[in-house]
Protein chains: 2
Amino acid sequence: MDFYEKTIATKEIFDGKIIKVRVDTVELPNGNTSTREIVSHPGGVGVVALDENNNVYMVRQFRKPLDKVLLEVPAGKLDGGEDPRICGIRELEEETGMCARSFEPLGEFYPSVGFSAETLYLYIARDLYPGKVHPDEDEFLEVEKIPLDTLVEMVMDGRIKDGKTIVAILKAKLYLEK
Amino acid sequence: MDFYEKTIATKEIFDGKIIKVRVDTVELPNGNTSTREIVSHPGGVGVVALDENNNVYMVRQFRKPLDKVLLEVPAGKLDGGEDPRICGIRELEEETGMCARSFEPLGEFYPSVGFSAETLYLYIARDLYPGKVHPDEDEFLEVEKIPLDTLVEMVMDGRIKDGKTIVAILKAKLYLEK
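Residues numbered from 1 in each chain as written. Chains lettered and ligands numbered in written order. Predicted model: local features only at pLDDT ≥ 70, side-chain atom pairs only at ≥ 80, totals over all residues. Heavy atoms only, no water.

Asks: Describe in detail the pattern of salt bridges, supporting the description with residues and values.
Replies: Taken as a whole and judged by the stated rule, the model has 33 salt bridges over all chains. Among the ionic pairs, D127 of chain A bridges to R101 of chain A, the shortest N-O distance being 3.3 Å. Taken as a pair, D127 of chain A in strand 9 (residues 120-130) and R101 of chain A in strand 8 (residues 98-109) lie far apart in primary sequence, 26 residues in all. One salt bridge in this structure joins K164 of chain B and E72 of chain B, with 2.7 Å as the shortest N-O distance. You can see K164 of chain B sitting in helix 3 (residues 163-177) and its partner E72 of chain B sitting in strand 6 (residues 68-72), a full 92 residues away along the chain. E72 of chain B gets classed as buried once you look at its relative accessible area, which sits at 0%. Through salt bridges that share partners, D79, E82, R90, E91 and E94 of chain A make up one connected network. (Salt bridge = Lys/Arg side-chain N within 4 Å of Asp/Glu carboxyl O. Helix = DSSP H or I, 4+ residues; strand = E, 2+ residues; numbered from the N terminus. Buried < 20%, exposed > 50% of the residue type's maximum accessible area, 1.4 Å probe, protein only.)

Take a look at the structure:
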């Protein structure tokens, strides 16, 4: 079955600091036309950083879209064309003050495929040592160390609701059990 | 620590079929101002539907934002104010033709907290029986049954990249192990 939707026209709606918005008119497999509202985003990274006792460095941060403080893995946006691994190493140090001797990929995923072209790259960081803390200007967050198994419980009972953090924690748990 | 960002001004950018876009000017905890680009979305559901042999009903679907066919759990958007459970039951039947005698929540999560206000509600459906198939007009998808343990492998080796599907499959796996 051929699913492909050919783009017939594109209308640019918004070109912001972080996101871009466009509406594509597409031809459906049955020949009908429809529109697709699409948000572009530079993509980003999330890092599960574990100390020698399987405690994970987590951050609490206010998220304006939800008007809530959320518990998340350290994360950040790619700076135009940046290598995700470099971005992950940078963001981990900026947000937690820690560097890692071991920094392995946990895979990438698409957070919201219905309307967003965003890709997130996940890493697991181990063998940590203190770097120099220099948080982003205007970034307000609190760092907290929480055991990995407690985080898995917090995912399952709904205390953790951030999508990338759920994916990162559960993938890290399974990765370490291999 | 007080993280709250007070909204000083809101500018509406786009009011589409599915998403809305606005730019909020906020006052940061240190008194500086910044802007937040925010996408609103009606929210949606994802359903892990298991047969008696722990095979999961999955759908393959073209996703224009990524220009790719993705393997996903059955899912759909909330129709204005709709109860997520009702939406999940409806979408499962529309996409796979199956109804469920057991339909339990797997929790909700926020797919992309940096710019999106979307909430997704997950369910696990069991004790299935055939309903009446009536796919949405202009929805093109293929249904496939895949063992849950194979799906977990496909999450871990990167063959599954849809965020809600990763969260749904890994949470279902842990839920069933309880």
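Asks: Can you break down the relation of the copies chain B and chain A residue by residue, with the values?
Replies: Mapping one chain copy onto the other needs a rotation about an axis and a shift along that axis. Once chain B has been moved 0.0 Å along the axis and rotated by 180 degrees, it coincides with chain A to within an RMSD of 0.0 Å. In symmetry terms, the pair is related by a two-fold rotation axis. Both copies share a contact surface, since 100% of the interface residues of chain B are interface residues in chain A too. (Least-squares fit on C-alpha atoms with pLDDT ≥ 70 in both. Contact = heavy atoms within 4.5 Å.)

Asks: Could you give me a rundown of the interface of chain B and chain A, with the residues and numbers involved?
Replies: Facing the 66 residues of chain B at the interface are 66 residues of chain A. Run the count over chain B and chain A and you get 1 salt bridge. E108 of chain B serves as the salt-bridge partner of K161 of chain A, at 4.0 Å between the closest nitrogen and oxygen. Our enumeration of links across chain B and chain A arrives at 23 residue pairs in polar contact (both at pLDDT 80 or more). Among the elements that take part in the side of chain B that touches chain A, helix 3 of chain B stands out by supplying 8 residues, more than any other. Residue classes in the side of chain B that touches chain A are distributed as 35 nonpolar, 11 polar and 20 charged. (Polar contact = N/O pair within 3.5 Å; in protein donor to acceptor, adjacent residues only side chain to side chain. Nonpolar A, V, L, I, M, F, W, Y, C, P; charged D, E, K, R; others polar.)

Asks: How would you explain the sheet that holds strand 5 (residues 55-63) of chain B if you had to name every residue and give the values?
Replies: Residues and elements named next belong to chain B. The strand order across the open sheet built from 3 strands is 6-5-10, with neighbouring strands paired in antiparallel fashion. Both edges of this open sheet fall to strand 6 and strand 10 (141-147), since each of them pairs with a single strand only. Averaged over all pairs of adjacent strands, the angle between their axes in this sheet comes to 25 degrees, without regard to strand direction. Here 7 bridges tie strand 5 to strand 10, and the two strands are oriented antiparallel to one another. Paired with Q61 across the bridge in strand 10 is L141. (Pairing = 2+ DSSP bridges. Axes fitted to C-alpha atoms, helices over the stretch in contact; angles between N-to-C directions.)

Asks: Please give an account of helix 3 of chain B that cites residues and values.
Replies: If you check helix 3 of chain B, its first and last C-alpha atoms are 22 Å apart, about what 15 residues at 1.5 Å a residue would give, namely 21 Å. Every buried residue belonging to helix 3 of chain B is among G163, K164, T165, I166, V167, A168, I169, L170, K171 and A172 of chain B, and all of these are buried. (Expected span 1.5 Å × (residues − 1).)

Asks: Talk me through the pairing of strand 9 of chain A; I want residue IDs and the actual numbers.
Replies: Residues and elements named next belong to chain A. Strand direction decides the pairing type here: strand 4 (residues 44-49) and strand 9, joined by 6 bridges, are parallel. For A49, the partnering residue across the bridge sits in strand 9 and is A125. Relative to strand 9, strand 8 is paired through 10 bridges, and the arrangement is antiparallel. Considered in strand 9, the bridge of C99 is made with Y129.

Asks: Any chance you could break down empty space enclosed by the protein for me, citing the residues and the numbers?
Replies: Regions of empty space are outlined by a rolling probe, equal in size to a water molecule, passed over the atoms. A full pass over the atoms with the stated rule returns 1 cavity of 30 Å³ or more. Here the largest cavity is characterised by a volume of approximately 50 Å³. Lining the largest cavity are L170, K173 and L174 of chain A together with L170, K173 and L174 of chain B. Those elements giving two or more residues to the lining of the largest cavity turn out to be helix 3 (163-177) of chain A together with helix 3 of chain B. Split into classes, the residues belonging to the lining of the largest cavity amount to 4 nonpolar, no polar and 2 charged. (1 Å grid on protein atoms, 1.4 Å probe; cavity = no way out; pocket = protein on both sides within 12 Å on 5 of 7 lines; lining within 4 Å. Points joined across faces, edges and corners; volume = space filled by probe spheres on them.)

Asks: Help me get a handle on the sheet that holds strand 5 (residues 55-63) of chain A, residues and values and all.
Replies: Residues and elements named next belong to chain A. Judged by pairing direction, the sheet is antiparallel, and its 3 strands sit side by side in the order 6-5-10 without closing on themselves. Two strands in the sheet have a free side with no partner beyond their single neighbour: strand 6 (68-72) and strand 10 (141-147). Across the sheet, the axes of successive neighbouring strands diverge by a mean angle of 25 degrees, strand direction being ignored. Along the sheet, helix 2 (residues 148-156) makes contact with strand 5, strand 6 and strand 10, crossing strand 10 at roughly 105 degrees.

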